[in-house]
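Analysis of the macromolecular model
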Amino acid sequence: MIAFLKAAVAFFTSLIVILFPISPATAGGEDKFFYDWNESLAYSSDEYAISLEKTPGKDFVVLNFTDVQLRDIESYGAEGEFAEKTMDKLITEIQPDLITMTGDNAWAPLAYLKLIKFIDSYNIPWAAVMGNHDGQGLVSEFWAAYHMSEAKNCLFQCGPKDMGYGNYIINITENGKTIHTLFMLDTHSSAATGGYDHLWDNQISWYKWAVKGIAAENGGEVVQSSAFMHIPTNEYKDAWAVAWNADAGEYNPEYADTAFGENTEDVCSPRDDNRNGFFDVCKELGSTKDMIAGHDHINCSSILYKGIRLSYGMKTGDGCYWTPEMNGGSTLTIASNGTTSFEHHYVDPATVSSSPVC
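Let me begin by describing the structure that accompanies this report. In this text, all values refer to a predicted model and were calculated from it rather than measured experimentally.

The rules behind each value
Residues numbered from 1 in each chain as written. Predicted model: local features only at pLDDT ≥ 70, side-chain atom pairs only at ≥ 80, totals over all residues. Heavy atoms only, no water. Helix = DSSP H or I, 4+ residues; strand = E, 2+ residues; numbered from the N terminus. Rg over C-alpha atoms; globule rule 2.2 N^0.38 Å. Buried < 20%, exposed > 50% of the residue type's maximum accessible area, 1.4 Å probe, protein only. Contact = heavy atoms within 4.5 Å. Areas by Shrake-Rupley, 256 points an atom, 1.4 Å probe, with all protein chains shown as cover. Pairing = 2+ DSSP bridges. Axes fitted to C-alpha atoms, helices over the stretch in contact; angles between N-to-C directions. Core = buried A, V, L, I, M, F, W, Y, C linked by side-chain atoms within 4.5 Å. Polar contact = N/O pair within 3.5 Å; in protein donor to acceptor, adjacent residues only side chain to side chain.

Turning our attention to the overall build of the protein. Within the protein one finds eleven helices and 16 strands. Over its C-alpha trace the protein gives a radius of gyration of 20 Å, about what one expects of a compact globule, namely 21 Å for 358 residues. Across its three principal directions, the C-alpha atoms of the protein cover 60 × 55 × 50 Å. Burial analysis of the protein (358 residues in total) assigns 55% to the buried set. Across the protein, contacts joining residues at least 24 apart in sequence account for 75% of those joining residues at least 6 apart. Of the roughly 15000 Å² of accessible surface on the protein, 53% is carried by carbon and sulfur atoms.

Right, here's the structure in full:
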């Protein structure tokens with residue numbers, strides 16, 4: 001009964017926020033949450049990035065959740081409890097320095113507010129990107145961006161104008177020096193020409209500007225980075241095609257030592273005629289060595305492809321569609337020299353579910 005009353009109070013408190021929503025007008029205008037950008041601006045980490053200081057002698061651990069994607073009623077029911085217990089187990093065991101979420105965080109207002117409050121309650125810095133469903137079923141996509149940016153421990157920033165919601169930079173520093181950069185990127189929803197969208201040309205220009213600017217601050221040495229996004233690049237599809245031997249049900253020998261995880265659905269990247277060249281830019285600049293995506297709930301492959309590790313974050317919870325064999329989260333561990341390792345952390349549904357798992 002007490003649990004029911006607490007849920008009811010939380011539900012109706014959140015409902016007030018829905019009935020009297022934050023709008024661009026009441027928030028002082030949407031524009032104030034973005035910054036004007038062009039390539040002629042001088043890059044400065046103090047102005048354009050968030051810094052998190054790494055403890056010397058200790059790895060910096062990023063714990064990623066993805067595609068929680070609950071509706072309002074679900075978030076207050078067994079589905080919400082299951083997702084929260086999954087996240088709590090990993091947060092408690094791993095004790096991350098940063099929590100990230102790679103999109104489709106929730107697709108209804110009450111569920112979004114409940115998720116924000118839950119993650120924020122751990123008093124750990126956290127950062128999210130938008131998925132293709134985050135603007136659906138909400139007051140607006142800006143509404144979601146606003147509430148994340150206002151949460152006490154959330155690092156979310158809207159970023160430059162006219163690039164979507166949530167393109168921002170997190171620098172991991174040690175003794176004040178940037179050793180690794182996290183690029184949080186909005187891959188939008190549907191492309192104008194059909195299929196899924198991805199990064200726009202101005203986002204890629206902004207990324208190039210930032211990579212070069214961070215290197216300039218580092219004495220000309222390129223700083224290793226990771227890109228967090230929702231929709232995978234087309235190269236996820238390319239990598240799976242050459243790395244996985246479907247007949248044998250295993251990775252081909254040249255990938256077997258470095259690849260792990262598996263895909264049990266098609267890679268839902270943009271259409272081939274919507275390739276944006278972001279992967280090639282990353283190769284050219286030599287900074288980004290990890291891409292972490294969500295979107296495809298029952299894929300968890302991680303493949304080192306042409307020098308860049310293309311990883312799916314492991315899906316969190318049973319929202320929308322899922323498989324019990326892929327429930328949990330993933331970690332990106334950053335060493336003092338800026339190099340990384342990536343790992344999945346499976347949570348057995350039977351250990352966190354109070355009801356039978358379907």
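There's plenty left to go through after this.
Okay, the pairing of strand β16 (residues 340-346) next. In the sheet, strand β15 (residues 328-334) pairs with β16 via seven bridges, with the strands oriented antiparallel. Residue pairing across strands places I334 opposite T340, the latter belonging to β16.

On to the sheet that holds strand β7 (residues 168-174). Judged by pairing direction, the sheet is mixed, and its seven strands sit side by side in the order β2-β7-β8-β9-β12-β14-β13 without closing on themselves. With partners counted over all chains shown, the strands left at the sheet margins are β2 (50-53) and β13 (302-305), one partner each. Averaged over neighbouring strand pairs, the angle between their axes works out to 20° when direction is ignored. Judged from the seven bridges that link them, β7 and strand β8 (residues 177-184) form a sheet pairing that is antiparallel.

With that out of the way, let us pick up the nonpolar core. What tends to happen in soluble globular proteins is that the nonpolar side chains get buried as a cluster. If you look at the biggest cluster of nonpolar residues, it comprises 59 residues, and the most contacted ones within it are F65, Y112, W126, M148, I170 and L182. Take this core: its biggest share by element is seven residues, from helix α5 (residues 109-120). The residues contacting M148, other than those within four sequence positions of it, are Y112, I116, W126, A128, M130, C154 and F156. By size, the runner-up hydrophobic cluster in this structure holds 40 residues, among which are F183, L185, A210 and W244.

Our focus in this paragraph is the environment of T102. With respect to the helices and strands, T102 occurs in strand β4 (residues 98-102). Along the chain, T102 and I303 lie 201 residues apart, while their C-alpha atoms are 18 Å from each other. A polar atom in the side chain of T102 sits 3.1 Å from the side chain of N64.

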